Every structure is written in C-alpha cells, then in structure tokens.
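Chains, contacts and geometry: an overview
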Amino acid sequence: MCFSRLKKEQLKEVMKRMMREMDRGLRVETHQESSVKMLPTYVYSTPEGSEVGDFLALDLGGTNFRVMLVKVGEDEERGWKVETKHQMYSIPEDAMTGTAEMLFDYIAECISDFLDRHHIKHRKLPLGFTFSFPVRHEDIDKGILLNWTKGFKASGAEGNNVVGLLRDAIKRRGDFEMDVVAMVNDTVATMISCYYEDRSCEVGMIVGTGCNACYMEEMRTVELVEGEEGRMCVNTEWGAFGANGELEEFRLEYDRVVDETSLNPGQQLYEKLISGKYMGELVRVVLLKLVNEELLFNGEASDLLKTRGSFETRYVSQIESDSGDRKQIYNILSTLGVLPSEMDCDIVRLACESVSTRAAHMCGAGLAAVINRMRERRSQEVLKITVGVDGSVYKLHPW
Ligand code: GLC
C-alpha cells in the first residue's frame, strides 16, 4: 500500500463511521464498547462574559506546562477585558513517566514559583485547570482520568480524581492555597475562549500534540447525564476512534510501525494519523522505506534518521514552507546527518505533503461528522457555525 490521496467516498465513509461511534458513545447501552467516548463536561452553556476578577489558570497536556494569571474586568466598550501574565515550564521526562505524585508535586512546585514571581502567594485565587486528557467528569470540578495519551504515563493517576491529585499536591507543599473551581479539556477551553469573540462558536478543536474536538450537544441525547433541557458541551475524545477496527482499511504499513513502537500501541489510532506527536515519526518511517528501496539518499540513511523520534513534526511544517530553493529542506536533512541531492529534497517534501494532507483530510472528515450531527439534531438544512481551533500543528503548518 502506498500514500495516495484518500478519495471523497473514503472520507465520507470515515465521517459516517465517526458519526456512528459518536452516537454509540452517547447512549448508555453502547457507551462502554464505543471507541469514541463522548464525555460529558458539565459545561452547560457558554459563558455570558460577565465573570469578573482574578483567576489562576493551569494548562497541562502537551510538552509544556503553563501557569497563567488572568484578570477579567468590566470594559465599557466590549463589556470585558482579559489581561494575562504567563509562564511556561517544560515537564521533565521523569515527571511524565514516573508516579502521579511526582508529576503533581512538580506542578505544585511550578505554581509556587509563579506565585513568588508575581508576588501573589498570599492570595487564595480561584483556579481553572485545563487538563487535556480523557476525563470522566462527575461535575465541572471533579473527574477521573480514564487513561493517559500523548506520551504521558505517570502511574497511579488513571482511575483517580485529577482535581484531588492536584489539591493533595498543593496540600503536601503547604506554602500556598488555591480554590480549584473548574477542570476542562483543552478543546473545551478553546471553544469557550473563542465564544468570547464569536457567539456562534459551538465547536472546539485541537490539532497539536494530540487531536480532539468538543461541541454543544442537546442535553436529551447526553444519556449519561440526567436532564433534558438545553445543551451540554461533550468532549468527543475522537482521537481514540479506530479502536474497534473502524480505520483498518485506511491504515498503512507506516501507521502500523508508528503505532507498534509508541507508548500506547493499539490506542488513539485516529489521533496517530493526524497529530503532532506522530506526524514527524510517520514521515521518518516513510523515508526509511524509500531508502531501503534505494529510491532516496543513494540507499543510505544516517544513524540519526534511523533513530525513533529524530524527525520532529516541526520539520514537516518547515519543509513544506520552503520557498522553492530547497535551502530549508537541505538544512534540516543535514542536521539529520544526510547530504541530499535536489531530487532527494523534492522527494522528502512530497513525503511530508502526503502525510500532512492525509492528516488534514482525516481531521476534516471527523469535523464534518461532528457538524453534520449537530445540523441533524437541530433539524436544519444548513448550519452556520464557528469552530474554535488551536494547537501547534494548526498554528505552525503552512497550509
Ligand atoms: C489527546 C487527549 C485529549 C486532548 C487532545 C488534544 O487526544 O486525549 O483529551 O484534547 O489530545 O490535546
């Protein structure tokens, strides 16, 4: 099998299967076996924009951990004003893959550092936590981590209340206090912040280290939660789509290699076709195959290119941004230890384009599933809606 463009019919099939799994995820009888979990978020309706005051915000879910101070105030013209100070902290490998205590102690340490820097350690601020993993919520400030994704592995967290883990770590330190008021997925945070600008934003999507979407669903069809009136935001966790074999005829030998050598084989199969955690690695596996067939680099790969993870996803964006003189491509390949010919550069670019185009098409099929579902539920012929989008791949990739 090779990398040819997916046909419209195939993408429609992906969309249909996604719609079916979404439906199964929402229903009590089929929720357990569905690959798309459709997790209720307890975010009932989007904010009015009348919330005012100082807040602390945490963001955990990619390669960095972010702490922010957010000031929301009244503004005469627009009705609100948001000011932020923020600080990034990189998460050491051992905190990601050690114990949950180690990870949350590190998080508490970062918060403590942030509060010191901004001289606000004495204040007990309300805290909102963007935690970008599958969480089964019992309320907006309570939910258990179902499973880690995207290379996180800290033991003792799965099956536990994430807000509890955070509160315990803050207590263990004992040098500051926080009032944890809400925990949301990054897709939900993206949807809400976009809603401040545009009241028709009812979908949030992330194409970054991982890939996922949320949207406003009719309460009466969210069977896992009581109540019939209004809408609730549902975190689809569509990255896990494919766990029931729904993607088998679309997955290629490269996808299988990337999956088998990942930290979570067999899981997040849809995400592995799309997101930044895997895109560079997919390209690397494709290139190695071409080298083995003596179609690239005179049939010789460098040791670095043979090393898992060496082809970073940002290279894909940079290579596709090359202006045409191949300089950028040449430089990247040189840092990977190969000296490419012009033809090699063109082939590498083509490999990147094939992988990223397929990612975009697959992701588009998922988004079409979400929006078509919303349109059908609202019995509308045409639905006009805004999608809030964020994530490193979305922001850095040129197309
Ligand atoms: C992974 C997580 C999901 C998150 C997404 C984007 O798919 O499971 O919760 O929204 O990555 O960060």
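Quick summary incoming for the structure in this document. This is a predicted model, so every value here is computed, not measured.

Some details on the sheet that holds strand S11 (residues 231-235)
Read across the sheet, five strands follow the order S1-S11-S10-S9-S12 without closing on themselves; strand pairing throughout is mixed. Either end of the sheet is taken by a strand with one partner, and the two such strands are strand S1 (39-40) and strand S12 (386-390). The sheet contact formed by strand S9 (residues 201-207) and S12 spans five bridges and is parallel. Bridging across to S12, methionine 205 finds its partner in valine 389.

Things to note about the environment of glutamine 328
Examined against the element boundaries, glutamine 328 turns out to sit in helix H11 (residues 327-335). Using a relative accessible area of 33% as the deciding quantity, one classes glutamine 328 as partly exposed. Once residues within four sequence positions are removed from consideration, glutamine 328 is found in contact with Gln318, Ser321 and Asp322. Separated by 2.9 Å, the side chain of glutamine 328 and the backbone oxygen of glutamine 318 make a polar contact.

Description of the site of the ligand
Lining the immediate surroundings of the ligand are 15 residues, of which Lys150, Asn185, Asp186, Glu237 and Glu271 lie closest. The contact in question runs from an oxygen atom of the ligand to an N or O atom on the side chain of threonine 149, over 3.0 Å. Glutamate 237 is positioned such that a nitrogen or oxygen atom in its side chain is 2.5 Å from an oxygen atom of the ligand. Contact with the protein chains hides 98% of the accessible area of the ligand, taken as 300 Å² for the molecule alone. Only helix H6 (186-197) and strand S10 (211-218) provide two or more residues apiece to the shell around the ligand. Class assignment of the residues belonging to the shell around the ligand gives a composition of four nonpolar, seven polar and four charged.

Some remarks on the packing of aromatic side chains
This model, assessed by the stated rule, comprises eleven aromatic pairs. Both rings, one in tryptophan 148 and one in phenylalanine 152, keep their centres 5.5 Å apart while their planes meet at 25 degrees; by these two values the pair is stacked. Neither residue differs from the other here; tryptophan 148 and phenylalanine 152 are each classed as buried. Positioned over the ring face of phenylalanine 133 is lysine 150, at 4.7 Å from the centre of the ring.

Section: unusual backbone geometry
The phi angle at lysine 150 is positive, at roughly 60 degrees, despite the residue not being glycine. Tracing the backbone shows lysine 150 in the loop between strand S7 (142-145) and helix H5 (162-173). What makes lysine 150 buried here is its relative accessible area of 8%. The backbone phi angle of serine 379 is positive, close to 45 degrees, even though this residue is not glycine. As for its placement among the helices and strands, serine 379 is situated in the loop between helix H12 (342-377) and S12.

Quick word on the packing of helix H1 (residues 8-26) against H12
Two elements in contact, H1 and H12, have axes separated by 8 Å at closest approach and are oriented at 55 degrees. Taken together, the axis directions place H1 and H12 in an arrangement best described as oblique. Helix-helix and strand crossings are classified by hand; for H1 and H12 the assignment is right-handed. On H12, the residues touching Leu11, Val14, Met15, Met18, Met19, Met22, Asp23 and Leu26 of H1 are His361, Met362, Ala365, Gly366, Ala368, Ala369, Val370, Asn372, Arg373, Glu376 and Arg377. Broken down by class, the residue content of the contact of H1 with H12 amounts to twelve nonpolar, three polar and four charged.

Thresholds applied
- Residues numbered from 1 in each chain as written.
- Predicted model: local features only at pLDDT ≥ 70, side-chain atom pairs only at ≥ 80, totals over all residues.
- Heavy atoms only, no water.
- Pairing = 2+ DSSP bridges.
- Helix = DSSP H or I, 4+ residues; strand = E, 2+ residues; numbered from the N terminus.
- Buried < 20%, exposed > 50% of the residue type's maximum accessible area, 1.4 Å probe, protein only.
- Contact = heavy atoms within 4.5 Å.
- Polar contact = N/O pair within 3.5 Å; in protein donor to acceptor, adjacent residues only side chain to side chain.
- Near = heavy atom within 4 Å.
- Areas by Shrake-Rupley, 256 points an atom, 1.4 Å probe, with all protein chains shown as cover.
- Nonpolar A, V, L, I, M, F, W, Y, C, P; charged D, E, K, R; others polar.
- Phe/Tyr/Trp six-rings, centres within 6.5 Å; stacked < 30°, edge-to-face > 60°.
- Lys NZ or Arg CZ within 6 Å of the ring centre and 35° of its normal.
- Axes fitted to C-alpha atoms, helices over the stretch in contact; angles between N-to-C directions.
- Parallel < 35°, antiparallel > 145°, perpendicular 65-115°, else oblique.
- Left-handed = near helix turned anticlockwise from the far one by under 90°.

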